[in-house]
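Descriptive structure summary
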Amino acid sequence: MIKQMRALPPEGLGIVPNLDATFMKDRKSLCSAEEMPQYAAADGPPSNEIFEWSEGSLFDLPYNNKTIRTVRVKRVLFRSNGIIGRGTIVMRVACHCDGKCDWCGKKLILKLSFPAKTRVSEQTFMDRCRELAQGDHAWVLNHLPHIYWTFDIQYSKSTPQANFKKKFKDDYEMRLMRGSIQEELRPLSSLTTATGCAQVFYDVVQCHHRAWKYPQILHRDISQGNILVREKNGEIYGVLNDWDLAIWLNDQRDGPTSKFRTGTKPYMAHEQHGIKWQGPHRFRHDLESVFYVILLLVSLYSSPKVKAVEPDTGGYGYQEWHKQDDEFLEGKKANILLHTNWEPSVTTFFLGLALWLTDLHRGLRRGFARLADHKEAMQEALKRDQEMPSFDYDTLDNHFSYEKVVSVMHRYDDEELKTRGSEWRKTLLSLPDL
Ligand SMILES: [Zn+2]
């Protein structure tokens, strides 16, 4: 079913060899990945097959009004280790035109992924964020990816995928190839100070909250790789990148969550590793991921760019987290969260973040202890046929809320970090310190 990578033909054909005009659609339909009538007649790209992208290759992609734009691959930046045909590929590209289009001179990446046909595109989520980012809320745009173009390419009817669909009907998820051209951002490793890292983490939490509260989008895949940096007019902004696995908050409870369990393993909330976990995915799960991102960075790195040498830190064991399975990770994370005297091992460079971790840990620990009590109380109430006690699952009864996390992260090493929106600035004035 899964073919080997195939070398690109010497002439460096586009993403879709012999790209036909039937794929070229207007931007609106590209965003929502609708089934267009012309697909029925069209030949799609070969199923489950990824080409070997080599530096210098040219790629044609469908653009507006039945035109094509061509980009030249400069470097493959990222390729996920998933099943071939489902993973994401990110390449640094440059516009290859006569030098007159709006992509020329910009730092661009081309991202290709292979989502289920029904999956809402990152572009759709970002468009919604943009619509609501007016006036006082415009700050959030500095913390979101800038997507210049998105296109979807469907698999053709003659592929194995289509045959599976015929056979398994609703049990088989049809996929498509989704591409986007985006602004290239800098990795976390490009930062030079711990304060810079702290600001970037704080920015990402503010952005996450904004998307959750107004456009009502849940990111669901916080990882070190999805936290990037934008430099604008000499200032650093943390960017919450890659909204490919996001959902509308309204859809939070839909469907069997185990099938759609998302995230990047070392950073997933500990409950999500449980075999019985049925969701829903809540914002606090993403905030727990932020905790692990910081924990792994400050334990494993002696600066944003340099991996710590083993004897330097007691936290070197976290290295294992990148290779282990759900059972292992659930155990390790639960051990941390339930431990009353837990202390992080932090490299010297990131010493100031130890306080953040201890404070965030306290919130999580108290919250989960409270949850355990609540579960017991529920059993009791059930037995005695009494009224069920209440519990706020979103915030672990207020022990791990956005307010708690922001009240920890707005300050680093006795210095006030930048709080981006006036809403949080007001809230902070009224929040007691932890
Ligand atoms: Zn151009």
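Rules and cut-offs
Here the residue index of a chain counts from 1 through its sequence in written order. For a predicted model such as this one, the threshold for reporting local features is a pLDDT of at least 70, and the threshold for listing and counting side-chain atom pairs is 80 or more; totals across whole chains, interfaces and linings nevertheless cover every residue. Processing note: side-chain calculations cover all non-hydrogen atoms of the structure and skip hydrogens and water entirely. Secondary structure elements are taken from DSSP: a helix is a run of H or I of four residues or more, a strand is a run of E of two residues or more, and numbering for both begins at the N terminus. Note on exposure labels: buried denotes an accessible area under 20% of the residue type's maximum, exposed denotes more than 50%, and partly exposed covers the range between, all computed with a 1.4 Å probe on protein chains only. Here, residues are in contact when the closest pair of their heavy atoms is within 4.5 Å. All accessibility values rest on the Shrake-Rupley procedure with a 1.4 Å probe; residue burial counts only the protein chains present in the view. Residues are said to line a cavity or pocket when one of their atoms sits within 4 Å of a point; the points come from a 1 Å grid over protein atoms alone, cavities being sets where a 1.4 Å probe fits but cannot get out and pockets being open sets with protein on both sides within 12 Å along at least five of seven lines. Grid points are joined across faces, edges and corners, and a volume is the space filled by probe spheres set on the points. Each residue gets one label: Ala, Val, Leu, Ile, Met, Phe, Trp, Tyr, Cys and Pro are nonpolar, Asp, Glu, Lys and Arg are charged, and the others, such as Gly, are polar. Predictor confidence is given residue by residue as pLDDT, running from a minimum of 0 to a maximum of 100. Metal donors were taken as nitrogen, oxygen and sulfur atoms no farther than 2.8 Å from the ion, or 3.2 Å where the ion is Na, K or Ca. Water is excluded, so coordination may look unfinished. A carboxyl oxygen of Asp or Glu within 4 Å of a side-chain nitrogen of Lys or Arg is what we treat as a salt bridge. At least two bridges found by DSSP between two strands are what make those strands a pair. Axes here mean lines fitted to C-alpha atoms, for a helix over just the part in contact, with angles spanning 0 to 180 degrees between N-to-C directions.

Along its length, the chain carries nine helices and 13 strands. The proportion of buried residues among the 434 residues of the chain is 51%. Considering only intrachain contacts with a sequence separation of at least 6, the fraction spanning at least 24 residues in the chain is 70%. With an accessible surface of roughly 21,000 Å², the chain has 49% of that area assigned to carbon and sulfur atoms.

Turning our eyes to something else, we now look at the layout of surface pockets. Here the second largest pocket defines a volume of roughly 350 Å³. E271, R284, F368, L371 and K375 are, among the 16 residues lining the second largest pocket, the residues nearest its centre. Looking at the lining of the second largest pocket, the elements with two or more residues in it are α5 (283–300), α6 (326–338) and α7 (353–383). The element contributing the most residues to the lining of the second largest pocket is α7, with four residues. Of the residues in the lining of the second largest pocket, the class split is nine nonpolar, three polar and four charged.

Segments scoring low in pLDDT should not have their predicted coordinates read at a detailed level. Per-residue pLDDT for the chain averages 83, and the proportion of residues at 70 or more is 78%. Low pLDDT (under 50) marks residues 1–50, which in the prediction has 113 contacts with non-local residues, meaning those over four places away or in another chain.

Once that is clear, we can look at the coordination of the zinc ion. Each protein donor to the zinc ion is listed here as C95 (SG), C97 (SG), C101 (SG) and C104 (SG); together their distances run 2.2 to 2.3 Å. Site description for the zinc ion: donor spacing in sequence, C-x1-C-x3-C-x2-C. The partly exposed category is assigned to C104, whose relative accessible area is 25%.

Right, let's get into the pattern of salt bridges. On inspection of all chains with the given rule, the structure shows 22 salt bridges. Ionic pairing is found between K265 and D326, a salt bridge with its closest N-O pair at 3.7 Å. With K265 in the loop between β11 (247–248) and α5 and D326 in helix α6, this pair connects stretches of sequence that are 61 residues apart. A relative accessible area of 35% means that K265 is categorised as partly exposed. A residue is classified by how much of its surface remains accessible, and D326, at 24% relative accessible area, is partly exposed. Between E380 and R384 there is a salt bridge whose closest N-O contact spans 2.9 Å. Judged by relative accessible area, E380 falls into the partly exposed class, the value being 30%. Judged by relative accessible area, R384 falls into the exposed class, the value being 56%.

Bringing the pairing of strand β3 (residues 89–95) into the picture now. Here β3 lies mainly inside the structure; five of its seven residues are buried. Pairing of strand β2 (residues 67–79) with β3, which is carried by seven bridges, proceeds in the antiparallel orientation. What sits directly across from R72, in β3, is A94. Looking at chain direction, β3 and strand β4 (residues 108–113) are connected through five bridges and run antiparallel. Bridge pairing in β4 links V93 to L108.

Moving on: the sheet that holds β2. Ordered in space as β1-β2-β3-β4-β6-β5, the six strands form an open sheet in which the pairing is antiparallel. Either end of the sheet is taken by a strand with one partner, and the two such strands are β1 (58–63) and β5 (147–154). With direction set aside, neighbouring strand axes in the sheet form an average angle of 35°. Sheet topology places β4 next to strand β6 (residues 176–183); six bridges connect them, and they run antiparallel. The partner of L110 across the bridge, within β6, is I181.

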